[in-house]
Amino acid sequence: MEFAEAVKTQIKEPLEVLCDALICEGEVEQFLFFSGVVEMLRDPADEASVIAASIELSRCAFLGFIFSPTIQTQVNQVLDQAIEMSTTMSSGTLQ
């Protein structure tokens, strides 16, 4: 799988689903944060943007957001994928 496709399917698209769920739950502040990260991934082939988005995602742990259990699961999955992608990028191989 190419880098851009992996970023799109493993991080960007799940973030878009998360944003939809946040809006449905009326969580505007969280929606704005995560939609900002989606915007950072506009070009999934841009490695610098992917790194910046991963760093921005890591900030959500310190922003005091409280999520419903369903949303928390989605957030955890996105964070796990971003960590895995970052690790892959630093190792120089895409799995």
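Bear in mind that the values here come from a model prediction, so they are computed numbers and not experimental data.

With that settled, the discussion passes to the packing of helix α1 (residues 3–24) against helix α3 (residues 47–58). Running from N to C, α1 and α3 point in directions that differ by 30°, and their axes come no closer than 12 Å. In this view, α1 runs roughly parallel relative to α3, as classed from their interaxial angle. Considering the relative orientation of α1 and α3, their crossing is left-handed. Across the interface between the two elements, Phe 3, Val 7, Ile 11 and Leu 15 from α1 touch Glu 47, Val 50 and Leu 57 from α3.

By the definition in use, this model includes two salt bridges. With a shortest N-O distance of 2.0 Å, Glu 39 and Arg 42 are connected by a salt bridge. On the accessibility criterion, Glu 39 (43% relative accessible area) is partly exposed. Residues Glu 56 and Arg 59 are paired through a salt bridge, measuring 2.6 Å at the closest nitrogen-oxygen approach. Judged by its relative accessible area of 21%, Glu 56 falls in the partly exposed class. The exposure class assigned to Arg 59 is partly exposed, which follows from its relative accessible area of 38%.

What follows covers the packing of aromatic side chains. What the rule picks out here adds up to four aromatic pairs. Ring centres of Phe 33 and Phe 34 lie 5.0 Å apart, and the angle between their planes is 85°; on these two criteria the pair is classed as edge-to-face. Each member of the pair, Phe 33 as well as Phe 34, carries the same accessibility label: buried. Ring plane angle 50° and centroid distance 6.2 Å describe the contact between Phe 34 and Phe 67, whose orientation is recorded as tilted. Of this pair, Phe 34 sits in helix α2 (residues 28–40) while Phe 67 is found in the loop between α3 and α4 (69–91), placing the two residues 33 residues apart along the sequence.

Rules and cut-offs
Residues numbered from 1 in each chain as written. Predicted model: local features only at pLDDT ≥ 70, side-chain atom pairs only at ≥ 80, totals over all residues. Heavy atoms only, no water. Axes fitted to C-alpha atoms, helices over the stretch in contact; angles between N-to-C directions. Helix = DSSP H or I, 4+ residues; strand = E, 2+ residues; numbered from the N terminus. Parallel < 35°, antiparallel > 145°, perpendicular 65-115°, else oblique. Left-handed = near helix turned anticlockwise from the far one by under 90°. Contact = heavy atoms within 4.5 Å. Salt bridge = Lys/Arg side-chain N within 4 Å of Asp/Glu carboxyl O. Buried < 20%, exposed > 50% of the residue type's maximum accessible area, 1.4 Å probe, protein only. Phe/Tyr/Trp six-rings, centres within 6.5 Å; stacked < 30°, edge-to-face > 60°.

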